[in-house]
Amino acid sequence: MTEPAKGTRKLSTLLQLVQFLSPYKGTMIAAAVALIFTAAITLSVGQGIRIIIDEGFASGSQQQLNRAVVILLTLSFLMAIGTFIRFYLVSWLGERVSADMRSAVFSNIIKLHPSFFEDNRSGEIMSRLTTDTTLLQTIIGSSLSMALRSSLTLVGAMVMLLVTNLKLTGMVLACVPLVLMPIILYGRRVRNLSNASQDSIAHVGSYAGEIIQNLKTVQSYTREDFETKAFDVEVENAFLIARRRIRQRAVLMAVVILLVFGGLSAMFWVGGNDVINGTMSGGELAAFVFYAIMVATAVATISEVWGELMRAAGATDRLLDLLHEDSLIVEQQDQILPLQGAARLHIAGVSFSYPSRPEELALKDLELDVEEGKSLALVGPSGAGKSTVFELLQRFYDPQQGRILLGGQDIRALPSRQLRQSLAVVPQAPAMFTADVAYNIGYGKPDATEAEIIAAAKAAHADEFIRRLPQGYQSHLGEQGVRLSGGQRQRIAIARAILKDPNILLLDEATSALDAESEYQVQLALEELMHNRTTIIIAHRLSTILHADQIAVMEHGQVVARGTHQSLLASSDLYQRLARLQFQDEAVA
Ligand SMILES: Nc1ncnc2c1ncn2[C@@H]1O[C@H](COP(=O)(O)OP(=O)(O)OP(=O)(O)O)[C@@H](O)[C@H]1O
């Protein structure tokens, strides 16, 4: 994903939030009414003050004073109600929009092509989902409402100033540009620093995420001190950027306050003289000062939240980037297509290079086919492209040349749903979700009954060890299933695949040796799974290879030889070498 140029993050980006606000028109209108209502009440308080002073104090009438105070109390009461409604609704909108945004972004990124996450570290994306949406929530929930309220009171108070006293209003108007100038000048700097600050925090998050994920490696190489120091550098960097931002903002606030209160003092002097001369009443001056303070507060608030709004624009930009990111795996249509042989695979002249290494072909003009119900073993040295074949079969990437046909149909023409439902993959290190065993087995078939799950576990030779777990099928598998042995995890994955009952099985045989008993159990489970099913196996064991209907020897992204074990031993030097090195132990045994 390309990071937007810092300068392009504008307030207008916030307008794009309209699509997220529009479902809540009613709430927005109610919030706007409450906003206008409270602003109007606040403004009328100035008139209340004038009446108290001029009609109460000046006329010396107790009754008038009582009446004025009652009016003031009523206004206060109405203001309290209006503020309650405004605050509640606006904060609600903030929470709602950020929750919707989170869901929308997540539902988009979960559909993206996996290579997206190669150049966009997942930690950074997590940070966008949490930090940026939280920022948005505070900003819509408070800053935006403060900005709107202040803009309203600013305009209202200006009008009231004009009505009250023209000369003094002239003074206020002269002061406003003076106050706005530093806001605009410093505001830009604060905005750029805010973006930088947000980016560096995301960086800190993704750094920590990576270290925690690889904690065992860090500890076993005793790199804790190094990583701590490296992390400190990241944190310190984020702090330094934040400090510069804070300093700029502090300067901005100090300058604004100085100008505002300087202006007010001057106004008091001029207005006070008018009261002494009798050209203005005390109540009028008080009301005027009240409005002038409102103008000042409004301008100060806007100056304060301006930076926040800019940060929100930055956050919105980044979130919208994620939201509008299109998957490179384009779905041509959604209709399930009829296939001639739902388990016949043909890889026809496929050339492919990974997006991160476009100059290097991982597969070169690859030809492979597997008949329905047959098994094909892929063997070859490391880096030959065996795993890449699996990636392409699942359509995590599209080849640059050639086609992959499932039952005679190009898989690009099939909905990925149809393609992926007909496949099941048993990887070397299967992923376990933080949930119980039953959930993990049923992952590919959410509507599976308990009996089906148990049957699948039995078929995968997993039932026995599962029942010995502390809570049987309800036992929780910690993060990435740490509490299971390698062989047990594989059998859970095999049960998962059995339950899915796919037409085609993609099996990446574990390279790491399991103990003899575990190995035997896994082997039995696999036989169950492969029975009468089209299977492609990345094979590492002689016994597997001997059972396969066909063997394809791969090297440098190409199939260099095909045949059976015996024929290949006679015809392929590479196969001979592999057999000698890789399958030696078993061959001897
Ligand atoms: N995500 C990726 N981005 C860029 N290059 C990749 C990626 N995955 C694999 N490659 C490269 O593609 C080539 C084929 O890799 P692949 O993983 O398919 O080999 P393999 O035969 O499965 O090897 P092994 O038996 O070691 O798993 C290698 O040169 C590898 O470095």
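Going by what an unreviewed UniProt entry lists, the protein chain is known as ATP-binding cassette domain-containing protein and is assigned to Candidatus Litorirhabdus singularis. The UniProt entry for the protein chain carries this comment under Subcellular location (unreviewed entry): "Cell membrane".

Enquirer: How should I be thinking about the nonpolar core in this particular structure?
Expert: When a protein is soluble and globular, its nonpolar side chains tend to lie buried together. Core analysis: the biggest nonpolar cluster contains 47 residues, and Ile-441, Ile-466, Tyr-473 and Ile-494 have the highest contact counts within it. Per-element accounting of this core gives the leading share, seven residues, to helix 15 (residues 486-500). Apart from residues no more than four positions distant in its own chain, Tyr-473 is found in contact with Asp-436, Val-437, Ala-438, Ile-441, Ile-453, Ile-454, Ala-457, Asp-463, Ile-466 and Arg-467. Formed by 30 residues, the second largest nonpolar core is a distinct cluster that contains Ile-347, Ala-362, Tyr-397 and Ile-411.

Enquirer: Please clarify how the site of the ligand should be interpreted in this entry.
Expert: Within the structure, the ligand sits among 15 residues, and Arg-357, Ser-382, Gly-383, Ser-387 and Thr-388 are positioned closest to it. One nitrogen or oxygen atom from the main chain of Gly-385 is found 2.9 Å from an oxygen atom belonging to the ligand. Between an oxygen atom of the ligand and a side-chain N or O atom of Ser-387, the distance comes to 2.5 Å. Here the ligand, which alone exposes 640 Å², has 70% of that area covered by the protein. Among the elements that make up the shell around the ligand, the one with the highest residue count is helix 10 (residues 386-393) (three residues). Classifying every residue of the shell around the ligand by side-chain character gives five nonpolar, six polar and four charged.

Enquirer: Honestly, the UniProt feature "transmembrane region" (unreviewed entry) in the protein chain in this entry has me stumped. Any pointers?
Expert: With numbering matched to this structure, UniProt assigns "transmembrane region" (unreviewed entry) to residues 29-53, 65-89, 135-162, 168-187, 250-270 and 285-306. Taken end to end, residues 65-89 is 100% helix and 0% strand, and its first and last C-alpha atoms sit 36 Å apart. For residues 250-270, helix accounts for 100% and strand for 0%, while the C-alpha atoms at its two ends are 30 Å apart.

Enquirer: Help me understand the packing of helix 5 (residues 122-164) against helix 9 (residues 282-324) in this model?
Expert: If you want to describe how two helices pack, look at the angle between their axes and the distance between the axes. Between helix 5 and helix 9, the least distance of the axes is 5 Å, while the angle of their chain directions is 155 degrees. When the interaxial angle is binned, helix 5 and helix 9 end up roughly antiparallel. Helix-helix and strand crossings are classified by hand; for helix 5 and helix 9 the assignment is left-handed. Counted by class, the contact of helix 5 with helix 9 contains 26 nonpolar, eight polar and six charged residues.

Enquirer: Just checking my understanding: could you explain the pattern of salt bridges for this structure?
Expert: Per the counting criterion, the structure on display carries 11 salt bridges. Asp-274 is paired through a salt bridge with Lys-167; the nearest N and O atoms lie 3.2 Å apart. A residue pair is termed long-range when its members are at least 10 positions apart, and Asp-274 in helix 8 (residues 224-277) and Lys-167 in helix 6 (residues 166-213) qualify at 107 residues. For Asp-274, a relative accessible area of 11% puts it in the buried group. Overall, the relative accessible area of 48% leaves Lys-167 in the partly exposed class. With its nearest N and O atoms 3.7 Å apart, the salt bridge here joins Arg-468 to Glu-464. Here Arg-468 and its partner Glu-464 are both found in helix 14 (residues 463-468), four residues apart, which amounts to about one turn of the helix. For Arg-468, a relative accessible area of 62% gives the class exposed. Connected via shared salt-bridge partners are Asp-132, Asp-199 and Arg-318.

Criteria and cut-off values
- Residues numbered from 1 in each chain as written.
- Predicted model: local features only at pLDDT ≥ 70, side-chain atom pairs only at ≥ 80, totals over all residues.
- Heavy atoms only, no water.
- UniProt positions renumbered as here; feature names shortened; annotations may be inferred.
- Core = buried A, V, L, I, M, F, W, Y, C linked by side-chain atoms within 4.5 Å.
- Buried < 20%, exposed > 50% of the residue type's maximum accessible area, 1.4 Å probe, protein only.
- Helix = DSSP H or I, 4+ residues; strand = E, 2+ residues; numbered from the N terminus.
- Contact = heavy atoms within 4.5 Å.
- Near = heavy atom within 4 Å.
- Polar contact = N/O pair within 3.5 Å; in protein donor to acceptor, adjacent residues only side chain to side chain.
- Areas by Shrake-Rupley, 256 points an atom, 1.4 Å probe, with all protein chains shown as cover.
- Nonpolar A, V, L, I, M, F, W, Y, C, P; charged D, E, K, R; others polar.
- Axes fitted to C-alpha atoms, helices over the stretch in contact; angles between N-to-C directions.
- Parallel < 35°, antiparallel > 145°, perpendicular 65-115°, else oblique.
- Left-handed = near helix turned anticlockwise from the far one by under 90°.
- Salt bridge = Lys/Arg side-chain N within 4 Å of Asp/Glu carboxyl O.

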